[in-house]
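# Breakdown of the fold
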2 protein chains.
Amino acid sequence: MATLKDIADAVGVSIGTVDRILHKRGRYSEKTAEKVRKAMEELQYTPNIHARGLKKTKQHRFASLIPLEEQDSGYWKLLADGIRRASAELGSYGSTVDLIFFDRYSSDSCSRALQGALDSGVEGLLIAAVRPDDMKRQLQDAGIPYLFVDSDIPELTERCSYIGQDSFQSGYLSGKLMHLLLGRGSYPSRVLMIEPPGSNYHLKQRMAGFRSYMESTAPGVELERMKEDLDEEKSFHSCLESCLENRRSLPDGIFVANSSVYYAASYLKKKGEDYSRIPLIGYDLIPGMESYISEGIIDFILTQQPELQGYQGMITLYEYLVLNKEVQKEVFVPLNIITRENLRTFET
Amino acid sequence: MATLKDIADAVGVSIGTVDRILHKRGRYSEKTAEKVRKAMEELQYTPNIHARGLKKTKQHRFASLIPLEEQDSGYWKLLADGIRRASAELGSYGSTVDLIFFDRYSSDSCSRALQGALDSGVEGLLIAAVRPDDMKRQLQDAGIPYLFVDSDIPELTERCSYIGQDSFQSGYLSGKLMHLLLGRGSYPSRVLMIEPPGSNYHLKQRMAGFRSYMESTAPGVELERMKEDLDEEKSFHSCLESCLENRRSLPDGIFVANSSVYYAASYLKKKGEDYSRIPLIGYDLIPGMESYISEGIIDFILTQQPELQGYQGMITLYEYLVLNKEVQKEVFVPLNIITRENLRTFET
DNA sequence: CTACAATGCGTTATCGATAACGCAAATAAT
DNA sequence: ATTATTTGCGTTATCGATAACGCATTGTAG
């Protein structure tokens, strides 16, 4: 591997000059710059990351801002784990990461946490933008760069990137899988769509995607919609119970637009065989989900690898701010389909 | 972040002593060692990767040994791309990677390539063990560490790791998806299983997994088996043609155990609507596959992210040999299910 | 024509970990 | 008791990139 010194020797100048040219810091003639660039090309100069990183060691500080780990059935713990993994890695590169949590159902908690983060003097923020309206105001004139994960606020064009899901498409995909589970040609069938609490952009998009698939491809399928109000198992159970009691027969399939599918599964299991075999599709591989999948109560889980989102998000922020890498404005993570037969390969 | 110097100052010794204790290089008393270890704990010492890497810059050389990129419909190019990505990354850490290719249908080509790699003086080898018998002999007393990707030879216990697929399980999963596509209750149906040429362990496992699912779960499904002999489009087409002509009716589903599903798709497309709508399941997202998926000719593609396998494999080898990290003996990559509706999220 | 800035380039300390080297003091061997 | 050897520890050059500093030379303003 060629070093700065190799280039300098080849051209007949000093490393200082080469470095100035490399970083366009002025104080050189265009003539030597041309020669240097040619030599770099020929000798295939690659900067030594270690040397660069070592020299540039100056306590970088970042923070992440996501909902409380236990909210949404533990979904945010997965994201937090990814952030922690990135944090450990960045630690040995001389940076620190603060994890800040807020109550996603409280405007107050959210804005206080965000304000605290903005005032804490960190160099960059990783934000799960689950409260777009609250956050938008505060971020308008944020002095520091930020990156969104999980949920986006596209209007904030200064955000350095968004890493997350294509939620409409994931709903659409759920629709297809449900359609397959119903069995072709067994019309008419009735499917129950459950919209969990804390309705945000992504939930609505998933619902819309699901509906869109059914309307365009499976006209014989009738959709019923149910809205949950509390992110809690008991409440979910009773709500589902009253909904199912009011019907003539059991639905032919149930779709839950987030990880609350966990509650639906525990309900169906409790109610026995007839209920358990209703096709059930939902989101996110949170702890405890595995058993319902391997028992076959949950047929498909879609996931957008929250752990990876957290990890990637933090690493991207670092690369953007410290290494000056270019980053994509929008990164959609792969939509994974998890079912009984490939579940094991997704466990860490 | 605490540095060696911080630890040294805290204990009242020099950094040389701390370093010797850290690396157990002798020349210290157990008494100071104890104090140092305590200080490291308290001050949360994390070695600075950059400083370490910089000091240890000494041209590490590795090589990879995989089949020719165009074989198996271009499957190996994906793996090679992953290795190249790792190579670029490791380059800036001062290491080089040679990519060596061999003809996977020639024992001679394989053993010459392997011998060349072993004699080239590299520090570690990444090997796609697609010719277990040939390779086993040569690797018995290989002087250098090696790691397998894609295909394994579990008997060689000195291999530092294996990164790849659980092929039986992936066949089993294919079986489930095929079952869904057939539509529940539409028995009896007949499914054609195609075993591509170059029959190896993984192909056979996939076939076995598929058959196992059907036998255990879908007794009404009748399986027919067809064996291909040449890895070539024309030959595949004529073989498939003669097979389909000898039947009373079209099969209700087709399963191809590797990326040759590409040839099957091009055949079905050519033959028009009746053929195109036959459920078709296969493997690997090779270039050109996308269009058949989005047209709906291929219903499901399973993939074990060959690009990731190549990348991960090379990085793991590096971590094992250079950073002395512990590595898992066996890593199964996630089994991804790709279909029309999530295809886009898997394109890079 | 002097002052003084701007240009072009070389020199050097620095980041943190590593490991070779050197020097005492303690212990062992003769 | 004297020479070897071992033990315990400090000192220092090194890896490559960075950027501050310094010193000429050229250009420009008063």
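Summarised in this report is the structure supplied together with it. Predicted, not measured: the structure shown is a model, and the values here were computed from it.

All names here are of chain A. For the pair helix α2 (residues 15-22) and helix α3 (residues 30-43), interaxial distance at closest approach is 10 Å and the crossing angle is 90°. In terms of orientation, α2 lies roughly perpendicular with respect to α3. Two secondary-structure elements touch here, α2 through Val18, Ile21 and Leu22 and α3 through Thr32, Ala33, Val36, Arg37 and Met40. For the contact of α2 with α3, the residue count by class is six nonpolar, one polar and one charged.

Frequently, the measure chosen for interface size is the accessible area that the parts lose on association. With 40 residues of chain A at the contact, the number on the chain B side is 40 residues. Approximately 3,700 Å² of surface area, both sides summed, lies buried where chain A meets chain B, with 60% of it carried by carbon and sulfur atoms. Here chain A and chain B share four salt bridges between them. For A:Arg344, the salt bridge identified is with B:Asp166, shortest N-O distance 2.8 Å. Across the contact surface, chain A and chain B share 13 residue pairs in polar contact (both at pLDDT 80 or more).

Residue and element names in this part refer to chain A. The two faces of strand β8 (residues 253-256) match: Gly253 and Phe255 on one face and Ile254 and Val256 on the other face are all buried. Direction of pairing for strand β6 (residues 189-195) relative to β8: parallel, over a ladder of four bridges. Opposite Leu192, over in β8, you have Ile254 as the bridge partner. Inspection of the sheet shows β8 paired to strand β9 (residues 280-283) by two bridges, in the parallel sense.

What follows is about the side chain of A:Lys176. Within the element layout of this structure, A:Lys176 appears in helix α8 (residues 167-182). A polar contact is formed between the side chain of A:Lys176 and the side chain of B:Thr339, at a distance of 3.0 Å. Excluding residues within four positions of it along the chain, A:Lys176 makes contact with A:Tyr213, B:Phe300, B:Thr339, B:Arg340 and B:Glu341.

In the vicinity of DNA strand D there are 28 residues, among which A:His23, A:Arg52, B:Ser14, B:Arg20 and B:Lys55 approach most closely. Taken together, the sugar and phosphate atoms account for 56% of what DNA strand D places within 4 Å of the protein. Here B:Ser29 contributes a backbone N or O atom positioned 3.0 Å from a phosphate oxygen of DNA strand D. Of all the elements in the fold, those that place two or more residues in the surface near DNA strand D are α2 and α4 (49-55) of chain A together with α2 (15-22) and α4 (49-55) of chain B. Broken down by element, the residue count for the surface near DNA strand D peaks at four residues, all from α2(B). In terms of residue class, the surface near DNA strand D is built from 10 nonpolar, nine polar and nine charged.

What follows concerns the relation of the copies chain A and chain B. Mapping chain A onto chain B calls for a screw motion: a turn of 180° about the axis and a shift of 0.1 Å along it, with 0.2 Å RMSD after fitting. Taken together, these values place the two copies in the relation of a two-fold axis. Looking at the interface residues of chain A, 100% of them are also at the interface in chain B, so both copies use one shared face.

This part covers the pairing of strand β1 (residues 60-67) of chain A. Residues and elements named next belong to chain A. The buried fraction of β1 amounts to seven of the eight residues, a majority that puts the element mostly inside the structure. Strand direction decides the pairing type here: β1 and strand β2 (residues 95-102), joined by eight bridges, are parallel. Residue Ser64 lies in a different strand from β2, and its bridge partner there is Leu99. In this fold, the crossover linking β1 to β2 by way of helix α5 (residues 71-91) has right-handed handedness. For β1 and strand β3 (residues 124-127), the ladder comprises four bridges, and the chain directions are parallel. Within β3, the position partnered with Ser64 by the bridge is Leu126.

Here the focus is unusual backbone geometry. Not every positive phi belongs to a glycine, and A:Asp284 is a case in point at roughly 75°. The residue A:Asp284 is located in the loop between β9 and α13 (289-294) in this model. Assessed through its relative accessible area of 3%, A:Asp284 is described here as buried. The phi angle at B:Ser73 is positive, at roughly 55°, despite the residue not being glycine. Structurally, the position occupied by B:Ser73 is in helix α5 (residues 71-91). The class for B:Ser73 is buried, based on a relative accessible area of 17%.

Turning next to the protein's contact with DNA strand C. Around DNA strand C sit 28 residues, and of these A:Ser14, A:Lys55, B:Leu4, B:His23 and B:Arg52 come closest. When atoms of DNA strand C within 4 Å of the protein are sorted by moiety, sugar and phosphate together comprise 56%. At a separation of 3.0 Å, a phosphate oxygen of DNA strand C approaches a polar side-chain atom of A:Thr32. Between DNA strand C and the protein, one listed contact pairs a phosphate oxygen with a side-chain N or O atom of B:His23 at 2.6 Å. For the surface near DNA strand C, the element with the highest residue contribution is α2(A), accounting for four residues. Of the residues that constitute the surface near DNA strand C, the class distribution is 10 nonpolar, nine polar and nine charged.

All right, on to the nonpolar core then. Nonpolar side chains tend to gather and get buried jointly when the protein is soluble and globular. Counting residues in hydrophobic clusters, the biggest one holds 151 residues, and the most contacted among them are A:Leu125, A:Leu280, B:Leu125 and B:Leu280. If near-sequence neighbours (up to four positions away) are discounted, A:Leu125 is found in contact with A:Ala63, A:Leu114, A:Ala117, A:Leu118, A:Ile144, A:Pro145, A:Tyr146, A:Leu147 and A:Leu317. With 49 residues, the next largest nonpolar core counts B:Leu177, B:Leu203, B:Phe210 and B:Ile281 among its residues.

Evaluated as defined, the whole model comprises 46 salt bridges over all chains. A salt bridge links A:Asp19 to A:Arg25; its shortest N-O distance comes to 2.4 Å. Here A:Glu341 makes a salt bridge to B:Lys176, at a shortest N to O gap of 3.1 Å. Linking A:Glu341 in the segment after β12 (336-338) with B:Lys176 in helix α8 (residues 167-182), this pair reaches from one chain into another. Comparing A:Glu341 with B:Lys176, the two get one shared label, buried.

All names here are of chain B. Position of Gly282 relative to the elements: it lies in strand β9 (residues 280-283). According to the relative accessible area criterion, Gly282 is buried, its value standing at 0%. Residues Gly282 and Ser259, 23 residues apart in the sequence, show an inter-C-alpha distance of 6.4 Å. Not counting the four nearest positions on each side in its chain, Gly282 is found in contact with Val256, Asn258, Val261, Phe300, Ile301 and Leu302.

For the rest of this paragraph, the subject is the state of the cysteines. Among covalent bonds in proteins, the disulfide is the one between the sulfur atoms of two cysteines. Under the definition given, this model contains zero disulfides over all chains. Left unpaired, A:Cys110 is separated from the closest cysteine sulfur, that of A:Cys160, by 18 Å. Sulfur of B:Cys239: no disulfide; nearest cysteine sulfur belongs to B:Cys243 and is 7.1 Å away. With a relative accessible area of 24%, B:Cys239 lands in the partly exposed category.

Let us now look at the sheet that holds strand β8 (residues 253-256) of chain B. All names here are of chain B. A sheet is described by the order of its strands in space; here six strands give the open sequence β7-β6-β8-β9-β10-β12, paired in mixed fashion. The two strands at the open ends of the sheet, each matched to only one other strand, are β7 (221-227) and β12 (336-338). Direction aside, neighbouring strands of the sheet carry axes that sit 20° apart on average. Here helix α9 (residues 201-217) sits on the sheet in contact with β6 (189-195), β7, β8 and β9, set at roughly 170° to β6.

What counts, and where the lines are drawn
Residues numbered from 1 in each chain as written. Chains lettered and ligands numbered in written order. Predicted model: local features only at pLDDT ≥ 70, side-chain atom pairs only at ≥ 80, totals over all residues. Heavy atoms only, no water. Axes fitted to C-alpha atoms, helices over the stretch in contact; angles between N-to-C directions. Helix = DSSP H or I, 4+ residues; strand = E, 2+ residues; numbered from the N terminus. Parallel < 35°, antiparallel > 145°, perpendicular 65-115°, else oblique. Contact = heavy atoms within 4.5 Å. Nonpolar A, V, L, I, M, F, W, Y, C, P; charged D, E, K, R; others polar. Buried area = accessible area lost by both parts, 1.4 Å probe. Salt bridge = Lys/Arg side-chain N within 4 Å of Asp/Glu carboxyl O. Polar contact = N/O pair within 3.5 Å; in protein donor to acceptor, adjacent residues only side chain to side chain. Buried < 20%, exposed > 50% of the residue type's maximum accessible area, 1.4 Å probe, protein only. Pairing = 2+ DSSP bridges. Near = heavy atom within 4 Å. Least-squares fit on C-alpha atoms with pLDDT ≥ 70 in both. Right-handed = clockwise from strand over helix to strand, strands pointing away. Core = buried A, V, L, I, M, F, W, Y, C linked by side-chain atoms within 4.5 Å. Disulfide = S-S within 2.5 Å.

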